[in-house]
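A look at the structure
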Amino acid sequence: MPGKRATRLTPDQRREQLIGIGLEMLADRSLDELSTDEVARRAGISRGLLFHYFDSKRDFYRAVVRAACDRFSAATEPDGGLEPVAWMRAFIAGFVAYVLEHRQVYLALVRGAAGSHPAVTDIVGETRETLARRLRDGQRRLGVPDVPRQELALRAWMAFAEEAVTTWPVDDSGDGAAGARDELCAFIEASFVGLLGLLDRPGRLTSR
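Conventions adopted
Residues numbered from 1 in each chain as written. Predicted model: local features only at pLDDT ≥ 70, side-chain atom pairs only at ≥ 80, totals over all residues. Heavy atoms only, no water. Helix = DSSP H or I, 4+ residues; strand = E, 2+ residues; numbered from the N terminus. Contact = heavy atoms within 4.5 Å. Areas by Shrake-Rupley, 256 points an atom, 1.4 Å probe, with all protein chains shown as cover. Buried < 20%, exposed > 50% of the residue type's maximum accessible area, 1.4 Å probe, protein only. Polar contact = N/O pair within 3.5 Å; in protein donor to acceptor, adjacent residues only side chain to side chain. UniProt positions renumbered as here; feature names shortened; annotations may be inferred. Core = buried A, V, L, I, M, F, W, Y, C linked by side-chain atoms within 4.5 Å. Salt bridge = Lys/Arg side-chain N within 4 Å of Asp/Glu carboxyl O. Axes fitted to C-alpha atoms, helices over the stretch in contact; angles between N-to-C directions. Parallel < 35°, antiparallel > 145°, perpendicular 65-115°, else oblique. Nonpolar A, V, L, I, M, F, W, Y, C, P; charged D, E, K, R; others polar. Expected span 1.5 Å × (residues − 1). Phe/Tyr/Trp six-rings, centres within 6.5 Å; stacked < 30°, edge-to-face > 60°.

**So, the overall build of the protein chain**
- For the protein chain, the helix and strand inventory stands at nine helices and zero strands.
- When the helices and strands of the protein chain are placed in sequence order, the string is α-α-α-α-α-α-α-α-α.
- Restricting the contact set of the protein chain to residue pairs at least 6 apart, pairs at least 24 apart contribute 68%.
- When the accessible area of the protein chain is evaluated, it comes to approximately 11400 Å², of which 52% is carbon and sulfur surface.

**Quick look at helix H2 (residues 36-43)**
- Inspection of H2 places Thr36, Glu38, Val39, Ala40 and Ala43 among the buried residues, and these make up the whole buried set.
- On the buried face of H2, the contacting elements are helix H1 (11-25), helix H3 (47-53) and helix H4 (57-75).
- For H2, the N-terminal capping position is held by Ser35, with its side-chain oxygen 3.2 Å away from the main-chain nitrogen of Asp37.

**Quick word on the UniProt feature "DNA-binding region" (unreviewed entry) in the protein chain**
- The feature "DNA-binding region" (unreviewed entry), as annotated in UniProt, sits at residues 35-54 in this numbering.
- Helix makes up 75% of residues 35-54 and strand 0%, whereas the separation of the span's terminal C-alpha atoms amounts to 14 Å.

**Observations regarding the nonpolar core**
- Ranked by internal contacts, the top residues of the largest apolar core, which has 32 residues, are Phe95 and Val96.
- Secondary-structure elements contributing two or more residues to this core are helix H5 (84-101), helix H6 (103-116), helix H7 (121-141), helix H8 (150-167) and helix H9 (177-200).
- Ranked by residues supplied to this core, first place goes to H5 with nine residues.

**Regarding the pattern of salt bridges**
- Tallied over the entire structure, the rule returns 17 salt bridges.
- Residue Asp37 pairs with Arg47 through a salt bridge whose shortest N-O separation is 2.9 Å. Residue Asp37 is found in helix H2, and its partner Arg47 is found in helix H3; the two are separated by 10 residues along the sequence.
- When the shortest N-O distance is used, the salt bridge between Glu151 and Arg155 registers 4.0 Å. In this pair, Glu151 and Arg155 both sit in helix H8, four residues apart, roughly one turn of the helix.
- Through salt bridges with shared partners, a single ionic network connects Asp28, Arg29, Glu38, Arg41 and Arg42.

**Quick word on the packing of H4 against H7**
- Relative orientation of the contacting elements H4 and H7 amounts to 10°, with a least axis distance of 9 Å. Relative to H7, the element H4 is oriented roughly parallel. Each of Arg62, Val65, Arg66, Cys69, Phe72 and Ser73 in H4 lies in contact with H7, whose residues at this interface are Asp122, Ile123, Val124, Glu126, Thr127, Thr130, Leu131 and Arg134.
- Residue composition of the contact of H4 with H7, by class: six nonpolar, three polar and five charged.

**Comments concerning H7**
- Along its 21 residues, H7 runs 30 Å from first to last C-alpha, staying within 8% of the 30 Å computed at 1.5 Å per residue.
- Here H7 has its buried residues at Ile123, Val124, Thr127, Thr130, Leu131, Ala132, Arg134, Leu135, Arg136, Gly138 and Gln139.

**Focus: the packing of aromatic side chains**
- Throughout the structure, instances matching the rule amount to nine aromatic pairs.
- For the pair Trp87 and Phe91, a centre-to-centre distance of 6.3 Å together with 10° between the ring planes defines the contact as stacked. Remark: Phe91 and Trp87 occur in helix H5; sequence separation between them is four residues, near one turn of the helix. Each member of the pair Trp87 and Phe91 is classed as buried.

**Quick look at the packing of H4 against H5**
- Across the interface, H4 lies against H5 with an axial gap of 8 Å and an inter-helix angle of 145°. Each of Ala68, Arg71, Phe72 and Ala75 in H4 lies in contact with H5, whose residues at this interface are Gly94, Phe95, Tyr98 and Val99.

**Comments concerning the side chain of Thr76**
- Position of Thr76 relative to the elements: it lies in the loop between H4 and H5.
- A polar contact is formed between the side chain of Thr76 and the backbone oxygen of Phe72, at a distance of 3.1 Å.
- Side-chain polar atoms of Thr76 contact the side chain of Arg134, separated by 2.8 Å.
- Among residues more than four places away in sequence, those in contact with Thr76 are Phe91, Gly94, Phe95, Leu131 and Arg134.

Below you can see the structure in the form of structure tokens.
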């Protein structure tokens, strides 16, 4: 099917349109499979014109990944005025909601982009660091002091939470979707509380 006829857009609007098409396409393919020819066709412009707005295919990929990561970061940023427990729950709820609603995009970026495209590793890494900072903030809000191996423990928990959300059996079309999502949030919250308990009392980790 031929692409739609191009409409007159400002340069910023055109860039935003092309990035948006790239994000839509990541819902069913990896970054490796993101074709700039198809992006241009969907936008109703030539491939050559696409590269009027982006210096290269690499530059386009980076713009798409940056947009996806910015959306993810925004979705997981709680209101700073919340009480500690409410703040942590808002962070977890935002994380769960974003990944469930954009599961394929999340997988394409977090599990695919960094390995397949070293050009975007720094962007994905910055996003992971943003989440790590929020976890440290949540830990301190809850009154748990910094301890040795804290960074290792928090990053390991992030990997655990990511695996739980991406594999949890939640059918958003079913009547029990809300309950399943709440159950998932509670499961992840319980795992984080358990981790904080170990960090607060590191003697529990000593060898028997």
